[in-house]
Amino acid sequence: MERVPAMAAPCRMHPAVYAIEAAVIDWARRTGLRADPGVGFHRMAGRAFAEFDAAAAALFAQWLTWLFHLDDELDEGPCPLDIFHGLLNGSAEHPLESSFADLWRVTSGRMSDHWRSRFAGHLKIQYDACRTEAENRLTGRTPTLTEYPALRRGTVGPYLFDLVEPCLRVEVPAWLHSSEPWQDLVEACSDVTAWCNDVASKPKEHGDPHNLVVLATREYGLDEQAATAWVLDRIAERCYDMHVAAKTLPLGDVDPKTARDVSKVACAFLAAPRAHLDWLLESTRYA
């Protein structure tokens, strides 16, 4: 990623990273999830929230732990999509449901009804995207390169970007959140993060076509090395798009306090791809 200045240098690590780790392990054990320090979700959150308090990083790390357990359940569980019905209906029978309820109680209490509705909508988008992937695997259908980015934004967990706000104890105004620059920022950040993950997870895909490297190989007739290089070029382009979008946010249309709050969220977005990349390089999840 040396071609992308913003991704070239490693992120700062939160000075309280070990306290963040302890908070995540304690929460995971209390809610019935596996607690594997080697996976290092606390380190990803510690980098993305290095400029903020430890509580913000710990809450986000707990959500990351939950999301990746959900991802594993979707890949390996006996009734993977059923878990979404439990989440949306408030069930607490499965550890993923009870841990979600615990996180939701802590996270949503300080947020508006509009934010809660937005989060629920993004959870539904993930469900729909995962259902599409499941149907593709069942029928042997491969998504096209044109279709894939939107599908991948769904499976990556679009509500992760909503969670930055309650972690920082702020809320982006609804009109600004729906503005074109904000949506461009979120989509570019999501693409960079997801496509980096695709590169790292390619050796574990075992023929699954839902990977940008795999799709580039198939559609362009490239070998794996050339397809990976093509994906890295796309990542560099989306990094540029991400920073352009951040610079065009309409912060002059809000009061100074709101502008500061929105800037905090945007800064966390901008830090997230490099934080995720550092995590990919050190985590045992892809070793």
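These lines cover the structure that appears in this document, whether it is placed above or below.

Rules used throughout
- Residues numbered from 1 in each chain as written.
- Predicted model: local features only at pLDDT ≥ 70, side-chain atom pairs only at ≥ 80, totals over all residues.
- Heavy atoms only, no water.
- Axes fitted to C-alpha atoms, helices over the stretch in contact; angles between N-to-C directions.
- Helix = DSSP H or I, 4+ residues; strand = E, 2+ residues; numbered from the N terminus.
- Left-handed = near helix turned anticlockwise from the far one by under 90°.
- Contact = heavy atoms within 4.5 Å.
- Nonpolar A, V, L, I, M, F, W, Y, C, P; charged D, E, K, R; others polar.
- Salt bridge = Lys/Arg side-chain N within 4 Å of Asp/Glu carboxyl O.
- Buried < 20%, exposed > 50% of the residue type's maximum accessible area, 1.4 Å probe, protein only.
- 1 Å grid on protein atoms, 1.4 Å probe; cavity = no way out; pocket = protein on both sides within 12 Å on 5 of 7 lines; lining within 4 Å.
- Points joined across faces, edges and corners; volume = space filled by probe spheres on them.
- Core = buried A, V, L, I, M, F, W, Y, C linked by side-chain atoms within 4.5 Å.
- Polar contact = N/O pair within 3.5 Å; in protein donor to acceptor, adjacent residues only side chain to side chain.

**Some words on the packing of helix H12 (residues 212-220) against helix H13 (residues 224-247)**
Right, so step 1: Here H12 crosses H13 at 115 degrees, and the two axes come no closer than 8 Å. Taken as a pair, H12 and H13 cross one another with a handedness that is right-handed. Only Glu224, Ala227, Thr228, Trp230 and Val231 of H13 make contact with H12, whose side of the interface consists of Leu212, Val213, Ala216, Thr217 and Tyr220.
Right, so step 2: Per-class residue counts for the contact of H12 with H13 are 7 nonpolar, 2 polar and 1 charged.

**Thoughts on the environment of Pro209**
Right, so step 1: In this fold, Pro209 is placed in the loop between helix H11 (180-201) and H12.
Right, so step 2: Taking the C-alpha atoms as reference, Pro209 lies 7.5 Å from Pro143; in sequence the two are 66 residues apart.
Right, so step 3: Pro209 has contacts with Arg141, Thr142, Pro143, Val214, Leu215 and Arg218, leaving out every residue within four places of it along the chain.

**Let's talk about the pattern of salt bridges**
Right, so step 1: Per the stated rule, a full pass over the model turns up 24 salt bridges.
Right, so step 2: With a closest N to O distance of 3.5 Å, Arg47 and Asp278 form a salt bridge. With Arg47 in helix H3 (residues 41-48) and Asp278 in helix H14 (residues 256-282), this residue pair connects regions lying 231 residues apart in the sequence. By the burial criterion, Arg47 is buried, and Asp278 matches it.
Right, so step 3: Each of Arg43, Arg47, Arg274, Asp278 and Glu282 takes part in a single network of salt bridges with overlapping partners.

**Considerations on the layout of surface pockets**
Right, so step 1: Estimates place the volume of the second largest pocket at around 290 Å³.
Right, so step 2: Lining the second largest pocket we find 19 residues, and of these His122, Arg153, Pro158, Val186 and Glu187 sit closest to its centre.
Right, so step 3: Elements with a minimum of two residues in the lining of the second largest pocket: helix H7 (113-139), helix H8 (148-155), helix H9 (159-168) and H11.
Right, so step 4: The element that contributes the greatest number of residues to the lining of the second largest pocket is H11, accounting for 5 residues.
Right, so step 5: Considered class by class, the residues forming the lining of the second largest pocket number 10 nonpolar, 5 polar and 4 charged.

**Considerations on the nonpolar core**
Right, so step 1: Formed by 82 residues in total, the largest nonpolar core has its most connected members in Phe49, Phe60, Trp66, Phe84, Trp182 and Phe269.
Right, so step 2: In terms of residue count, the dominant contributor to this core is helix H4 (residues 54-76) (13 residues).
Right, so step 3: Once you skip the residues sitting within four places of it in the chain, Trp182 turns out to touch Val172, Leu176, His177, Leu249, Val262, Val265, Ala266 and Phe269.

**Things to note about the side chain of His14**
Right, so step 1: With respect to the secondary-structure elements, His14 resides in the loop between helix H1 (5-8) and helix H2 (17-31).
Right, so step 2: Overall, His14 belongs to the buried group, its relative accessible area being 6%.
Right, so step 3: Here Phe52 takes part through its backbone oxygen, which lies 2.6 Å from a polar atom of the side chain of His14.
Right, so step 4: Discounting residues that sit within four places of it in the chain, His14 has contacts with Ile20, Gly46, Phe49, Ala50, Phe52, Asp53 and Ala54.

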